[in-house]
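Summary of the model geometry
So the chains spell out like this:
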Amino acid sequence: MRVTVLGTGIMGAAMARNLLRAGHEVTVWNRSARRATPLAEEGARVAGSPLDAVAGAEVVLTMLTDGAAVEEVMADEGTLGALPEGCVWIQASTVGVDACERLAALAEEAGVPFVDAPVSGTRQPAEKGELMILASGPEELQERCAPVFDAIGSTTRWVGPAGAGTRFKLVMNAWVLILNSGIAETLTVARGLGFLPEQVLEAIAGGPLDSAYAQLKGRLMIEGEFEPSFPLKHARKDAQLVLEAARRELPLLEAVAEQLEHAEALGYGDADLAATIRGLTDVPARAD
Ligand code: NAP
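We now turn to the structure provided with this report.

Rules of the game
- All chains use their own residue numbering, which begins from 1 and follows the written sequence.
- It should be noted that, the model being predicted, local features are given only for residues of pLDDT at least 70 and side-chain atom pairs only at 80 or more, the latter also being counted only at that level, while totals for whole chains, interfaces and linings use all residues.
- In computing side-chain properties, one takes all heavy atoms of the structure into account and sets aside hydrogens as well as water.
- Joining through side-chain atoms within 4.5 Å is the link that ties buried Ala, Val, Leu, Ile, Met, Phe, Trp, Tyr and Cys residues into a set, and such a set is a nonpolar core.
- The rule is simple: take the accessible area with a 1.4 Å probe, protein chains only, and divide by the maximum for that residue type; under 20% is buried, over 50% is exposed, in between is partly exposed.
- By definition, any uninterrupted DSSP run of H or I lasting at least four residues is a helix, any uninterrupted run of E lasting at least two residues is a strand, and each is numbered from the N terminus.
- Residue contacts are defined here by distance: any two heavy atoms, one from each residue, within 4.5 Å place the two residues in contact.
- Should a side-chain nitrogen of Lys or Arg be within 4 Å of a carboxyl oxygen of Asp or Glu, the pair is scored as a salt bridge.
- It is the directions from the helix axis to the C-beta atoms that the arc portrays.
- Within 6.5 Å between ring centres, the rings of Phe, Tyr and Trp (the latter by its six-membered ring) count as paired, and their orientation is classed by plane angle as stacked under 30 degrees, edge-to-face over 60, tilted in between.

1. Quick notes on the nonpolar core
Of all hydrophobic cores here, the largest spans 36 residues; its most connected members are Leu 177, Leu 187, Met 221, Leu 253, Leu 260 and Leu 273. The set of elements that each furnish at least two residues to this core consists of helix H8 (164–192), helix H9 (197–204), helix H10 (212–223), helix H11 (232–246), helix H12 (251–268) and helix H13 (276–281). Per-element tally for this core: the top contributor is H8, with 8 residues. With sequence-adjacent residues up to four places away left out, Leu 253 is seen in contact with Ala 174, Leu 177, Ile 178, Val 242 and Leu 243. Within the second largest apolar cluster, 34 residues are counted, among which are Val 3, Ala 16, Ile 90 and Val 119.

2. Remarks on the pattern of salt bridges
Scanning all chains against the criterion turns up 10 salt bridges. With a shortest N-O distance of 2.6 Å, Glu 264 and Arg 236 are connected by a salt bridge. With Glu 264 in helix H12 and Arg 236 in helix H11, this residue pair connects regions lying 28 residues apart in the sequence. According to the relative accessible area criterion, Glu 264 is partly exposed, its value standing at 25%. Note that Lys 237 is salt-bridged to Asp 238, the shortest N-O span being 3.1 Å.

3. Structural notes on H9
Residues Pro 197, Val 200, Leu 201 and Ile 204 constitute the buried set of H9. Burial along H9 is one-sided: seen end-on, the buried residues are contained in an arc of 95 degrees. Of the residues in H9, the exposed ones pointing more than 90 degrees away from the buried face are Glu 202 and Ala 203. At its buried positions, H9 is contacted by H8 and H10.

4. Quick word on the environment of Gly 81
Assignment of secondary structure puts Gly 81 in helix H4 (residues 79–82). Along the backbone, Gly 81 and Ala 107 are 26 residues apart, and their C-alpha atoms lie at a distance of 9.2 Å.

5. Some remarks on the packing of aromatic side chains
Summed over all chains, the structure comprises 3 aromatic pairs. Ring plane angle 55 degrees and centroid distance 5.9 Å describe the contact between Phe 149 and Trp 158, whose orientation is recorded as tilted. Since its relative accessible area comes to 25%, Trp 158 is described here as partly exposed. Between the aromatic rings of Phe 226 and Tyr 268, the centroid separation amounts to 6.5 Å while the plane-to-plane angle is 75 degrees, which identifies the pairing as edge-to-face. Placement of Phe 226 in the loop between H10 and H11 and of Tyr 268 in helix H12 is noted, with a sequence separation of 42 residues between them. By relative accessible area, Phe 226 is classed as buried at 12%. When its relative accessible area of 18% is taken as the criterion, Tyr 268 is described as buried.

Here it is in C-alpha coordinates:
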(Lines give C-alpha, C1' and ligand atoms only; values in the text may rest on other atoms or scores of the structure.)
Protein backbone atom coordinates (compact mmCIF):
# COMPACT_ATOMS: atom_id res chain seq x y z
CA MET A 1 0.00 0.00 0.00
CA ARG A 2 1.06 3.60 -0.45
CA VAL A 3 1.23 4.92 3.11
CA THR A 4 2.20 8.43 4.21
CA VAL A 5 3.43 9.06 7.75
CA LEU A 6 3.19 12.67 8.92
CA GLY A 7 5.40 13.10 11.99
CA THR A 8 8.54 11.01 12.37
CA GLY A 9 9.33 11.60 16.03
CA ILE A 10 10.05 8.71 18.40
CA MET A 11 6.87 6.83 17.50
CA GLY A 12 6.25 7.93 13.91
CA ALA A 13 9.78 7.03 12.75
CA ALA A 14 9.49 3.55 14.26
CA MET A 15 6.09 3.06 12.62
CA ALA A 16 7.42 4.19 9.23
CA ARG A 17 10.34 1.72 9.52
CA ASN A 18 7.98 -1.17 10.22
CA LEU A 19 5.72 -0.17 7.33
CA LEU A 20 8.81 -0.24 5.06
CA ARG A 21 9.84 -3.66 6.44
CA ALA A 22 6.35 -4.96 5.69
CA GLY A 23 6.82 -3.96 2.05
CA HIS A 24 4.63 -0.87 1.86
CA GLU A 25 5.52 2.14 -0.25
CA VAL A 26 6.15 4.75 2.44
CA THR A 27 6.38 8.53 2.21
CA VAL A 28 7.35 10.50 5.29
CA TRP A 29 7.27 14.13 6.31
CA ASN A 30 8.45 15.79 9.50
CA ARG A 31 8.48 19.46 10.51
CA SER A 32 12.20 19.22 11.35
CA ALA A 33 13.61 17.51 8.28
CA ARG A 34 16.54 16.01 10.22
CA ARG A 35 14.21 13.49 11.88
CA ALA A 36 12.81 12.32 8.54
CA THR A 37 15.85 12.22 6.23
CA PRO A 38 17.47 9.09 7.79
CA LEU A 39 14.39 7.14 6.66
CA ALA A 40 15.39 7.71 3.00
CA GLU A 41 18.24 5.21 3.50
CA GLU A 42 15.66 2.63 4.46
CA GLY A 43 13.58 3.19 1.35
CA ALA A 44 11.13 5.94 2.30
CA ARG A 45 10.37 8.90 0.07
CA VAL A 46 11.04 11.99 2.18
CA ALA A 47 8.63 14.79 1.26
CA GLY A 48 9.31 18.48 1.72
CA SER A 49 5.79 19.39 2.85
CA PRO A 50 2.64 17.63 4.08
CA LEU A 51 0.91 18.52 0.80
CA ASP A 52 3.65 16.86 -1.21
CA ALA A 53 3.70 13.90 1.20
CA VAL A 54 0.05 12.94 0.72
CA ALA A 55 0.13 12.91 -3.09
CA GLY A 56 -0.91 9.43 -4.25
CA ALA A 57 -1.44 8.09 -0.71
CA GLU A 58 -3.97 5.34 0.05
CA VAL A 59 -3.54 5.81 3.79
CA VAL A 60 -2.25 8.83 5.71
CA LEU A 61 -1.14 8.26 9.28
CA THR A 62 -0.62 11.22 11.63
CA MET A 63 1.71 10.79 14.64
CA LEU A 64 2.22 14.28 16.06
CA THR A 65 2.45 15.73 19.56
CA ASP A 66 -1.15 16.78 20.20
CA GLY A 67 -4.46 17.90 18.71
CA ALA A 68 -3.22 21.40 17.90
CA ALA A 69 -0.27 20.04 15.92
CA VAL A 70 -2.48 17.59 14.01
CA GLU A 71 -5.00 20.31 13.19
CA GLU A 72 -2.23 22.64 12.05
CA VAL A 73 -0.74 20.07 9.70
CA MET A 74 -3.99 18.55 8.39
CA ALA A 75 -6.35 21.53 8.30
CA ASP A 76 -4.45 24.84 8.47
CA GLU A 77 -1.97 23.74 5.83
CA GLY A 78 -4.74 22.46 3.54
CA THR A 79 -3.52 18.86 3.63
CA LEU A 80 -6.97 17.35 4.21
CA GLY A 81 -8.28 18.92 1.02
CA ALA A 82 -5.34 17.48 -0.93
CA LEU A 83 -5.89 13.83 0.07
CA PRO A 84 -6.58 11.62 -2.95
CA GLU A 85 -10.18 10.38 -3.33
CA GLY A 86 -10.85 7.50 -0.91
CA CYS A 87 -7.59 7.93 1.01
CA VAL A 88 -8.10 6.93 4.67
CA TRP A 89 -6.78 9.15 7.46
CA ILE A 90 -5.55 7.16 10.45
CA GLN A 91 -5.06 9.54 13.36
CA ALA A 92 -2.72 7.79 15.85
CA SER A 93 -1.47 10.69 18.01
CA THR A 94 -2.84 11.02 21.56
CA VAL A 95 -5.05 14.10 21.27
CA GLY A 96 -7.82 13.65 23.85
CA VAL A 97 -11.58 13.59 23.49
CA ASP A 98 -12.34 17.18 22.45
CA ALA A 99 -9.59 17.41 19.83
CA CYS A 100 -10.53 14.00 18.45
CA GLU A 101 -14.12 15.17 17.94
CA ARG A 102 -12.84 18.28 16.21
CA LEU A 103 -10.51 16.31 13.92
CA ALA A 104 -13.30 13.84 13.06
CA ALA A 105 -15.55 16.80 12.14
CA LEU A 106 -12.83 18.32 9.95
CA ALA A 107 -12.40 14.97 8.19
CA GLU A 108 -16.14 14.69 7.62
CA GLU A 109 -16.31 18.22 6.20
CA ALA A 110 -13.52 17.33 3.79
CA GLY A 111 -15.18 13.99 2.91
CA VAL A 112 -12.17 12.03 4.19
CA PRO A 113 -12.70 8.58 5.79
CA PHE A 114 -11.40 8.90 9.36
CA VAL A 115 -10.07 6.29 11.76
CA ASP A 116 -9.21 7.31 15.31
CA ALA A 117 -6.43 4.90 16.31
CA PRO A 118 -4.13 5.91 19.16
CA VAL A 119 -1.59 3.34 20.23
CA SER A 120 -0.53 1.80 23.50
CA GLY A 121 3.15 0.97 23.92
CA THR A 122 6.29 3.05 23.90
CA ARG A 123 9.53 3.36 21.87
CA GLN A 124 10.60 -0.29 22.14
CA PRO A 125 7.26 -1.88 21.19
CA ALA A 126 6.99 0.70 18.40
CA GLU A 127 10.42 -0.29 17.07
CA LYS A 128 9.53 -3.99 17.27
CA GLY A 129 6.14 -3.48 15.58
CA GLU A 130 4.44 -4.62 18.79
CA LEU A 131 2.14 -1.71 19.58
CA MET A 132 -1.46 -2.22 20.64
CA ILE A 133 -3.71 -0.28 18.27
CA LEU A 134 -6.87 1.09 19.84
CA ALA A 135 -8.78 1.54 16.63
CA SER A 136 -12.18 3.07 16.16
CA GLY A 137 -14.21 4.13 13.16
CA PRO A 138 -16.48 2.76 10.44
CA GLU A 139 -16.48 -1.04 10.15
CA GLU A 140 -16.02 -0.90 6.40
CA LEU A 141 -12.56 0.64 6.91
CA GLN A 142 -11.26 -2.19 9.06
CA GLU A 143 -10.01 -4.31 6.19
CA ARG A 144 -8.37 -1.31 4.55
CA CYS A 145 -6.47 -0.42 7.71
CA ALA A 146 -5.45 -3.98 8.60
CA PRO A 147 -2.18 -4.08 6.57
CA VAL A 148 -1.04 -0.84 8.25
CA PHE A 149 -1.98 -1.98 11.75
CA ASP A 150 -0.42 -5.42 11.18
CA ALA A 151 2.87 -3.72 10.26
CA ILE A 152 3.07 -1.40 13.26
CA GLY A 153 1.37 -3.44 15.96
CA SER A 154 0.91 -6.93 17.35
CA THR A 155 -2.69 -6.40 18.50
CA THR A 156 -5.49 -4.33 17.03
CA ARG A 157 -8.58 -3.72 19.16
CA TRP A 158 -11.51 -2.16 17.33
CA VAL A 159 -13.36 -0.52 20.18
CA GLY A 160 -16.26 1.30 18.51
CA PRO A 161 -17.07 4.37 16.43
CA ALA A 162 -14.38 7.08 15.99
CA GLY A 163 -13.65 8.61 19.38
CA ALA A 164 -13.78 5.32 21.26
CA GLY A 165 -10.11 4.63 20.52
CA THR A 166 -9.13 7.96 22.03
CA ARG A 167 -11.27 7.35 25.10
CA PHE A 168 -9.79 3.88 25.61
CA LYS A 169 -6.28 5.28 25.16
CA LEU A 170 -6.94 7.70 28.03
CA VAL A 171 -8.00 4.76 30.21
CA MET A 172 -4.72 2.99 29.42
CA ASN A 173 -2.77 6.17 30.11
CA ALA A 174 -4.44 6.62 33.49
CA TRP A 175 -3.02 3.22 34.42
CA VAL A 176 0.45 3.87 32.98
CA LEU A 177 0.79 7.25 34.69
CA ILE A 178 -0.39 5.96 38.07
CA LEU A 179 1.96 2.98 37.81
CA ASN A 180 4.91 5.23 36.95
CA SER A 181 4.30 7.60 39.83
CA GLY A 182 3.69 4.65 42.16
CA ILE A 183 7.06 3.15 41.25
CA ALA A 184 8.84 6.50 41.61
CA GLU A 185 7.38 7.15 45.05
CA THR A 186 7.92 3.60 46.29
CA LEU A 187 11.61 3.71 45.35
CA THR A 188 11.90 7.11 47.02
CA VAL A 189 10.30 5.73 50.21
CA ALA A 190 12.72 2.77 50.14
CA ARG A 191 15.72 5.10 49.91
CA GLY A 192 14.36 7.30 52.70
CA LEU A 193 13.93 4.30 54.99
CA GLY A 194 17.49 3.15 54.43
CA PHE A 195 17.10 0.51 51.71
CA LEU A 196 18.50 0.25 48.23
CA PRO A 197 15.77 0.77 45.62
CA GLU A 198 17.05 -2.39 43.91
CA GLN A 199 15.81 -4.33 46.95
CA VAL A 200 12.25 -3.30 46.09
CA LEU A 201 12.49 -4.60 42.53
CA GLU A 202 14.02 -7.85 43.82
CA ALA A 203 11.34 -8.23 46.47
CA ILE A 204 8.43 -7.88 44.04
CA ALA A 205 10.04 -9.85 41.18
CA GLY A 206 7.86 -12.73 40.00
CA GLY A 207 5.24 -12.26 42.71
CA PRO A 208 1.69 -10.89 42.65
CA LEU A 209 2.96 -7.32 43.21
CA ASP A 210 5.28 -7.40 40.25
CA SER A 211 4.74 -5.82 36.86
CA ALA A 212 7.00 -5.75 33.81
CA TYR A 213 6.47 -1.98 33.70
CA ALA A 214 7.61 -1.58 37.34
CA GLN A 215 10.78 -3.55 36.60
CA LEU A 216 11.47 -1.59 33.38
CA LYS A 217 10.83 1.92 34.66
CA GLY A 218 12.18 1.11 38.14
CA ARG A 219 15.50 0.03 36.63
CA LEU A 220 15.69 3.26 34.57
CA MET A 221 14.90 5.32 37.66
CA ILE A 222 17.64 3.58 39.66
CA GLU A 223 20.19 3.97 36.88
CA GLY A 224 19.17 7.58 36.17
CA GLU A 225 18.81 6.57 32.52
CA PHE A 226 16.32 9.00 31.02
CA GLU A 227 16.83 8.68 27.25
CA PRO A 228 13.23 9.43 26.17
CA SER A 229 10.95 6.56 25.22
CA PHE A 230 7.87 8.41 26.40
CA PRO A 231 8.84 12.07 26.86
CA LEU A 232 7.72 13.37 30.25
CA LYS A 233 6.14 16.47 28.68
CA HIS A 234 3.84 14.21 26.62
CA ALA A 235 2.93 12.26 29.75
CA ARG A 236 2.01 15.54 31.44
CA LYS A 237 -0.16 16.43 28.44
CA ASP A 238 -1.82 13.00 28.67
CA ALA A 239 -2.52 13.39 32.40
CA GLN A 240 -4.34 16.64 31.60
CA LEU A 241 -6.26 14.94 28.78
CA VAL A 242 -7.44 12.20 31.16
CA LEU A 243 -8.51 14.75 33.78
CA GLU A 244 -10.38 16.84 31.21
CA ALA A 245 -12.11 13.83 29.68
CA ALA A 246 -13.07 12.13 32.95
CA ARG A 247 -14.97 15.22 34.19
CA ARG A 248 -14.81 14.07 37.81
CA GLU A 249 -12.52 14.36 40.82
CA LEU A 250 -9.54 12.06 40.41
CA PRO A 251 -7.26 12.92 43.36
CA LEU A 252 -4.58 10.40 42.43
CA LEU A 253 -4.31 11.54 38.82
CA GLU A 254 -4.40 15.17 39.89
CA ALA A 255 -1.40 14.47 42.12
CA VAL A 256 0.31 12.64 39.25
CA ALA A 257 -0.26 15.63 36.97
CA GLU A 258 1.30 17.89 39.60
CA GLN A 259 4.30 15.57 39.94
CA LEU A 260 4.83 15.67 36.20
CA GLU A 261 4.48 19.46 36.08
CA HIS A 262 7.05 19.70 38.85
CA ALA A 263 9.53 17.44 37.05
CA GLU A 264 8.97 19.40 33.84
CA ALA A 265 9.61 22.68 35.66
CA LEU A 266 12.91 21.20 36.85
CA GLY A 267 13.90 20.70 33.19
CA TYR A 268 12.95 17.05 32.63
CA GLY A 269 10.26 17.66 29.98
CA ASP A 270 12.27 16.08 27.17
CA ALA A 271 13.56 13.26 29.37
CA ASP A 272 11.77 9.96 29.73
CA LEU A 273 8.74 9.70 32.00
CA ALA A 274 10.97 7.77 34.42
CA ALA A 275 12.55 11.12 35.34
CA THR A 276 9.44 11.70 37.47
CA ILE A 277 11.60 10.34 40.29
CA ARG A 278 13.95 13.31 39.97
CA GLY A 279 11.06 15.58 40.89
CA LEU A 280 10.67 13.57 44.11
CA THR A 281 14.32 13.20 45.06
CA ASP A 282 15.01 16.88 44.39
CA VAL A 283 12.51 17.74 47.11
CA PRO A 284 14.39 17.99 50.45
CA ALA A 285 13.36 15.53 53.18
CA ARG A 286 11.10 16.98 55.90
CA ALA A 287 12.90 17.85 59.12
CA ASP A 288 10.33 16.31 61.54
P1 NAP B 1 7.98 13.16 19.64
O2 NAP B 1 9.18 12.29 19.41
O3 NAP B 1 8.14 14.37 20.47
O4 NAP B 1 7.36 13.55 18.23
C5 NAP B 1 6.39 14.55 18.09
C6 NAP B 1 6.19 14.83 16.62
O7 NAP B 1 5.23 15.88 16.46
C8 NAP B 1 7.47 15.33 15.92
O9 NAP B 1 7.44 14.79 14.63
C10 NAP B 1 7.27 16.85 15.92
O11 NAP B 1 8.00 17.51 14.92
C12 NAP B 1 5.79 16.90 15.61
N13 NAP B 1 5.17 18.19 15.89
C14 NAP B 1 4.92 18.75 17.09
N15 NAP B 1 4.30 19.94 16.95
C16 NAP B 1 4.15 20.12 15.61
C17 NAP B 1 3.55 21.14 14.83
N18 NAP B 1 2.99 22.21 15.40
N19 NAP B 1 3.57 21.00 13.49
C20 NAP B 1 4.14 19.93 12.91
N21 NAP B 1 4.71 18.91 13.59
C22 NAP B 1 4.70 19.01 14.94
O23 NAP B 1 6.81 12.34 20.33
P24 NAP B 1 6.32 10.83 20.20
O25 NAP B 1 6.72 10.11 21.44
O26 NAP B 1 6.67 10.26 18.87
O27 NAP B 1 4.74 11.05 20.34
C28 NAP B 1 3.88 11.32 19.25
C29 NAP B 1 2.45 11.08 19.72
O30 NAP B 1 2.30 9.73 20.14
C31 NAP B 1 2.03 11.94 20.92
O32 NAP B 1 0.68 12.27 20.79
C33 NAP B 1 2.24 10.99 22.10
O34 NAP B 1 1.44 11.33 23.21
C35 NAP B 1 1.80 9.69 21.46
N36 NAP B 1 2.35 8.45 22.09
C37 NAP B 1 3.63 8.41 22.50
C38 NAP B 1 4.10 7.25 23.08
C39 NAP B 1 5.51 7.14 23.58
O40 NAP B 1 5.76 6.30 24.44
N41 NAP B 1 6.46 7.91 23.10
C42 NAP B 1 3.27 6.14 23.22
C43 NAP B 1 1.97 6.21 22.75
C44 NAP B 1 1.51 7.38 22.18
P45 NAP B 1 9.50 18.04 15.22
O46 NAP B 1 10.38 16.83 15.13
O47 NAP B 1 9.74 19.05 14.17
O48 NAP B 1 9.46 18.63 16.61
